[in-house]
Number of protein chains: 2
Amino acid sequence: MERIKCTITYDGSGFAGFQVQPDHRTVQGSLEKALAKIHKGETIRIQASGRTDTGVHAVGQVIHFDTPLTIPERNWKQAVNTLLPDDVRVLYVEKVDAAFHARYSVKQKEYHYIVLNREDPDVFRRNYVLHFPKCLDIEAIQAACKHLEGTHDFTTFSSAKSSVKGSKIRTLFHASCRKKEDDIEFVFRGSGFLYNMVRIMVSALLDVGVGKRRPEEIPALLAAKERGQLGKTISPNGLYLWEVSYHEQEKEKHSGD
Amino acid sequence: MERIKCTITYDGSGFAGFQVQPDHRTVQGSLEKALAKIHKGETIRIQASGRTDTGVHAVGQVIHFDTPLTIPERNWKQAVNTLLPDDVRVLYVEKVDAAFHARYSVKQKEYHYIVLNREDPDVFRRNYVLHFPKCLDIEAIQAACKHLEGTHDFTTFSSAKSSVKGSKIRTLFHASCRKKEDDIEFVFRGSGFLYNMVRIMVSALLDVGVGKRRPEEIPALLAAKERGQLGKTISPNGLYLWEVSYHEQEKEKHSGD
């Protein structure tokens, strides 16, 4: 068996999220359907770095699967893409060691959230940005981002719907916001993210941007560890799983070959 | 009665073209439905600068309609947008003289066609550009564009499906192509365009770009006046009705008020 790692991109607009569900069009479902065709009907399960919700996009999601077939990397890409619908594409294919796992080997994930900050919405980007017409204080948002960076219990920034029992402590290596013409782009890099965490953070940061909260309130919000303290989870449309980075272990193993 | 001119934008992906058709979702149908609600059920017919086909987008389409209501321009915009689906938006509203006609007063139209010229398609722009992975000679395309400019019989560049009987002579004031990162953007400005003319011109220009034709062949193609000489009409996805300009007559009339 060979383990194949694929970096994929998808437009989340037309999918009921990543994870396979009966009677719903999902990213996983589309990929496994394509792989089944390549394997003459055999079911090939894929593992992803994590799920994404309905409407959430990916610029660089990572998956892996095991296959009995021996196909060159370049041909894998073409074979899968030919069978995929046009809103999901394989970007890179790499054969990896069996020690690699798309979910368990993750070192860091990067999410972006894009806000269109002008009066009129953009019909061409309605599924790809959050339209937010109110004036924003970017410097205040940047100051609030600095308070989010570091290792914290992010319970306040997790969804009340989450059923995960484990630790809510995560490390946010980087949180920032930059303005480019009418776009405000948020970037978050961390060891891991709780359910809806990016969307709840952006919602709180927009509250800071319009003056509803001060940047200095962030530490107290984190310390409160109360879900439901913050506003509603905002639209998935502006959210992108941008990049997933992995520990180098499998490459080191190969280096001696 | 007041005559209202609206500049509108729409994402053509979800519409069966501009013109109203029974049992199909159209731009005109959506606008007239919104206007009927504002007019308590009364049918309000709109006139556009011209139709656009299924999948063709508009950044600045212009329409007009007549109304017995007296509503300020700014409120018209909000009233209509509130009732429209989110893939069509009113950008500007202007009260105009009864001499203005969205179709008959047109002075110039501008179309853009966007080609994504790289190996991989972009899932987020699959409905908004033509993906064309082959290498293109931009200078050759620019030279061919120059041959298209001017007043010509554009029969060769019109659709065989067109049933229009009148003259096929049109004036192309401007035809150009520019590269910006992986995008090739074509711009055409003219007094009027035949059915499918922009898409057939771009198809011929891409033939020039890959070396299938030489720029110097364009004059002979124009002179041939034979429909069906050129390749297939390419995808509507990259095509945008960008701007419609009007004769100043109605403004001059007002200037003495």
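Residues numbered from 1 in each chain as written. Chains lettered and ligands numbered in written order. Predicted model: local features only at pLDDT ≥ 70, side-chain atom pairs only at ≥ 80, totals over all residues. Heavy atoms only, no water.

**Comments concerning the UniProt feature "active site" (unreviewed entry) in chain A**
Residues and elements named next belong to chain A.
Thought 1: Residues annotated by UniProt as "active site" (unreviewed entry) correspond here to Asp53.
Thought 2: Looking at Asp53, the relative accessible area reads 25%, which means it is partly exposed.
Thought 3: Beyond its immediate sequence surroundings of up to four residues, Asp53 is in contact with Gly17, Tyr195, Asn196 and Arg199. (UniProt positions renumbered as here; feature names shortened; annotations may be inferred. Buried < 20%, exposed > 50% of the residue type's maximum accessible area, 1.4 Å probe, protein only. Contact = heavy atoms within 4.5 Å.)

**A word on the domain arrangement of chain A**
For an interface, size is often stated in terms of accessible area lost upon the parts coming together.
Residue and element names in this part refer to chain A.
Thought 1: For chain A, the assigned domains read domain 1 (2-104) and domain 2 (107-243).
Thought 2: Between the C-alpha centres of domain 1 and domain 2 there is a distance of 27 Å.
Thought 3: Taken residue by residue, the interface counts 14 residues in domain 1 and 13 residues in domain 2.
Thought 4: Summed over both partners, the interface of domain 1 with domain 2 comes to about 1100 Å²; 53% of that surface belongs to carbon and sulfur atoms.
Thought 5: Contact with domain 2 buries surface across domain 1, with Asp53, His57 and Val59 losing the most and accounting together for 44% of the total.
Thought 6: Between the two partners, domain 1 and domain 2, sit one salt bridge.
Thought 7: For Asp53, the salt bridge identified is with Arg199, shortest N-O distance 3.5 Å.
Thought 8: At the surface where domain 1 touches domain 2, the tally comes to eleven residue pairs in polar contact (both at pLDDT 80 or more).
Thought 9: Across the side of domain 1 that touches domain 2, the residue classes tally to three nonpolar, nine polar and two charged. (Domains from an automatic or database assignment. Buried area = accessible area lost by both parts, 1.4 Å probe. Salt bridge = Lys/Arg side-chain N within 4 Å of Asp/Glu carboxyl O. Polar contact = N/O pair within 3.5 Å; in protein donor to acceptor, adjacent residues only side chain to side chain. Nonpolar A, V, L, I, M, F, W, Y, C, P; charged D, E, K, R; others polar.)

**Some points on the relation of the copies chain B and chain A**
Thought 1: By a simple turn and slide, chain B fits onto chain A: the slide is 0.0 Å along the axis, the RMSD is 0.0 Å, and the turn is 180°. With respect to symmetry, the two chain copies, as superposed, fit the operation of a two-fold axis.
Thought 2: The residues that chain B uses at the interface reappear at the interface of chain A in 100% of cases, marking a shared surface. (Least-squares fit on C-alpha atoms with pLDDT ≥ 70 in both.)

**Describing the UniProt feature "domain: Pseudouridine synthase I TruA alpha/beta" (unreviewed entry) in chain A**
Thought 1: This chain's UniProt record puts "domain: Pseudouridine synthase I TruA alpha/beta" (unreviewed entry) on residues 9-105 and 144-246 of chain A.
Thought 2: This span, residues 9-105 of chain A, is 24% helix and 25% strand, and a straight line between its end C-alpha atoms measures 20 Å. (Helix = DSSP H or I, 4+ residues; strand = E, 2+ residues; numbered from the N terminus.)

**Section: unusual backbone geometry**
Thought 1: In this model, Asn196(A) sits at a positive phi of 65°, which is unusual for a non-glycine residue.
Thought 2: By the element assignment, Asn196(A) lies in the loop between strand 9 (183-190) and helix 4 (197-209).
Thought 3: Even without glycine at this site, Glu181(B) takes up a positive phi of about 55°.
Thought 4: Along the chain, Glu181(B) turns up in the loop between strand 8 (169-180) and strand 9 (183-190).
Thought 5: Overall, the relative accessible area of 71% leaves Glu181(B) in the exposed class.

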